[in-house]
Amino acid sequence: MITPRAFRGLVALLLAAPAAGSALAQSAPAQGAASAPATPYAMTLGDMMNTLIQPRHAKLGLAGKAQNWPLAQYAMIVIRQSFASIVKAQPKFRGLPVGELVTAALSQPMDAADAAIKAQNPQQFATAYAQLTAGCNACHVAADHPYVVIKTPDATAFPNQDFNPKH
Amino acid sequence: MRQDGGDVGDETLGNIGMTWLRSAVILAIALAAPLVAHAGGVDMTDEDLNGGADGPSFFGFVRIVGGPGIDDAKVTAELKGGALVTATDLLGLYKIPGFGQDVNPDDVQISCAKDGYKQANVMRHPHTAGDMKDPIEVDCFLQKQ
């Protein structure tokens, strides 16, 4: 026979089970981390895009808008270097060749941006930057991430950096 | 009324209670299990979503010979008894799902077309035989007519 006390216990068990599971879920990595040897963290392509590319895309846009051509040129160099590093680190994404995607999406717009910076032409730069941004988004669509939409920055996210040229 | 003071009704209720207890424990474990299983926080974003069940998929670029990709080009994958048609995206990239594990990928012929162009060449990249997971890259080149 199930007594009222036993019934209350069962209800308490039922209510506590999900919470216990949640607590286990939160504590499991900590326990594992304490007992297992540390392993290097492997950055995902998303991690690399967020840390290496997206900030530099923004800085390139801000430098070009401020007509700070040396800084824009530097931004282009580090963007190219970053993509080269990413392709080495992760040659394929979901079976697709990252290098080929980058080349197809960005090669021409990056060359156009370089030419605009060399010409120190703000209109030409704005056009090339828009093409570059469109290339980013075309690549995201190709990689089944159409919801990651990049745009020309409308504000700086770098309050500790002056994007204006030094005269 | 039984001699031990209980009655049949009470015993039945007790059995029902035990059954209910077992059910409650199973339910509790079931509710907790998904939370424990998700403890690792596995991020699937870099994983190949094709588990190989449909055989290798196909992808590739349609390009002008020695030039960039061509968007909105028609790509046809032909197999005995049928064909699948798709189009390239802005980068000139196309993707075609697998035709099934019982289909030999070598039997799938890829071709491309676009108004004002004629097909120049099809380049099939090396693919490990029997690999049902990695997609097969087949690039198609067009030249202006």
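Preceding this section is the structure that the text describes.
Analysis parameters
- Residues numbered from 1 in each chain as written.
- Chains lettered and ligands numbered in written order.
- Predicted model: local features only at pLDDT ≥ 70, side-chain atom pairs only at ≥ 80, totals over all residues.
- Helix = DSSP H or I, 4+ residues; strand = E, 2+ residues; numbered from the N terminus.
- Buried ≥ 20, exposed ≤ 12 C-beta atoms within 10 Å, placed from the backbone.
- Contact = placed C-beta atoms within 7 Å.
- Pairing = 2+ DSSP bridges.
- Axes fitted to C-alpha atoms, helices over the stretch in contact; angles between N-to-C directions.
- Parallel < 35°, antiparallel > 145°, perpendicular 65-115°, else oblique.
- Left-handed = near helix turned anticlockwise from the far one by under 90°.
- Nonpolar A, V, L, I, M, F, W, Y, C, P; charged D, E, K, R; others polar.
- Core = buried A, V, L, I, M, F, W, Y, C linked by C-beta atoms within 7 Å.
- Expected span 1.5 Å × (residues − 1).

## Focus: the overall build of chain A
- Scanning chain A from terminus to terminus reveals five helices and two strands.
- Helices and strands in chain A line up, N terminus first, as α-α-α-β-β-α-α.
- Going through the 167 residues of chain A one by one, you find that 26% of them count as buried.
- Here the analysis covers contacts within chain A between residues at least 6 apart in sequence; of these, 53% occur between residues at least 24 apart.

## Some thoughts on the environment of Asp 134 of chain B
- On the secondary structure map, Asp 134 of chain B appears in the loop between strand S6 (117–124) and strand S7 (136–144).
- With 78 residues separating them along the chain, Asp 134 of chain B and Pro 56 of chain B place their C-alpha atoms 6.0 Å apart.
- Apart from the residues lying within four places of it in its own chain, the contact partners of Asp 134 of chain B are Gly 95 of chain A together with Pro 56 and His 127 of chain B.

## A few points about the sheet that holds strand S2 (residues 74–79) of chain B
All names here are of chain B.
- Here we have three strands laid out as an open sheet, ordered S3-S2-S5, and antiparallel in their pairing. Whereas interior strands pair on both sides, the edge strands pair on one side only; in this sheet they are strand S3 (82–87) and strand S5 (109–113). Strand-to-strand twist across the sheet, computed as the mean angle between neighbouring axes with direction ignored, equals 20 degrees.
- For S2 and S3, the ladder comprises six bridges, and the chain directions are antiparallel. The residue bridging Lys 74 from the neighbouring strand is Ala 87, located in S3.

## Considerations on the packing of helix H2 (residues 45–65) of chain A against helix H3 (residues 69–89) of chain A
Residues and elements named next belong to chain A.
- Relative orientation of the contacting elements H2 and H3 amounts to 160 degrees, with a least axis distance of 9 Å. Taken together, the axis directions place H2 and H3 in an arrangement best described as roughly antiparallel. Crossing angle aside, the handedness with which H2 passes H3 is left-handed. Across the interface between the two elements, Met 48, Leu 52, Ile 53, Arg 56, His 57, Lys 59, Leu 60, Ala 63 and Gly 64 of H2 pack against Leu 71, Ala 72, Ala 75, Met 76, Val 78, Ile 79, Ser 82, Ile 86 and Ala 89 of H3.
- Of the residues in the contact of H2 with H3, the class split is 13 nonpolar, three polar and two charged.

## Here we look at the sheet that holds S7 of chain B
Residues and elements named next belong to chain B.
- Strand order in the open sheet made by the four strands is S4-S1-S7-S6, with mixed pairing throughout. Edge strands, defined here as strands with exactly one partner in the open sheet, are strand S4 (93–96) and S6. Averaged over all pairs of adjacent strands, the angle between strand axes in this sheet comes to 25 degrees, irrespective of strand direction.
- Bridge count for strand S1 (residues 58–64) against S7 is five bridges, and the pairing is parallel. Residue pairing across strands places Phe 59 opposite Glu 137, the latter belonging to S7.

## Examining unusual backbone geometry
Residue and element names in this part refer to chain A.
- A positive phi angle, close to 55 degrees, is found at Gln 67, a residue other than glycine.
- Along the chain, Gln 67 turns up in the loop between H2 and H3.
- The phi dihedral of Arg 94 is positive, around 50 degrees, even though this residue is not glycine.
- Secondary-structure assignment places Arg 94 in the loop between strand S1 (92–93) and strand S2 (96–97).

## Some thoughts on the nonpolar core
- If you look at the biggest cluster of nonpolar residues, it comprises 50 residues, and the most contacted ones within it are Met 76, Leu 101, Ala 105 and Ala 113 of chain A together with Val 62 and Leu 91 of chain B.
- For Ala 105 of chain A, the contacting residues outside a window of four places in its chain are Gly 135, Ala 138 and Cys 139 of chain A together with Leu 91 of chain B.

## Quick word on H2 of chain A
Residues and elements named next belong to chain A.
- Taking 1.5 Å of rise per residue, the 21 residues of H2 would be expected to cover 30 Å, and the 28 Å separating its terminal C-alpha atoms lies within 8% of that figure.
- Those residues of H2 not exposed but buried are Met 49, Ile 53, Arg 56, His 57, Lys 59, Leu 60, Gly 61, Leu 62, Ala 63 and Gly 64.
- Looking at the buried side of H2, the elements it contacts are H3 and helix H5 (122–142).
- Where H2 terminates, the next one or two residues include Gln 67, which has phi positive at roughly 55 degrees.

## Focus on the pairing of S1 of chain B
Residues and elements named next belong to chain B.
- Burial analysis of S1 places six of its seven residues in the buried class, the great majority of the element.
- Where S1 lies against S4, four bridges are found, and the strand directions are antiparallel. Bridge assignment links Phe 59 to a residue of S4, and that residue is Lys 95.

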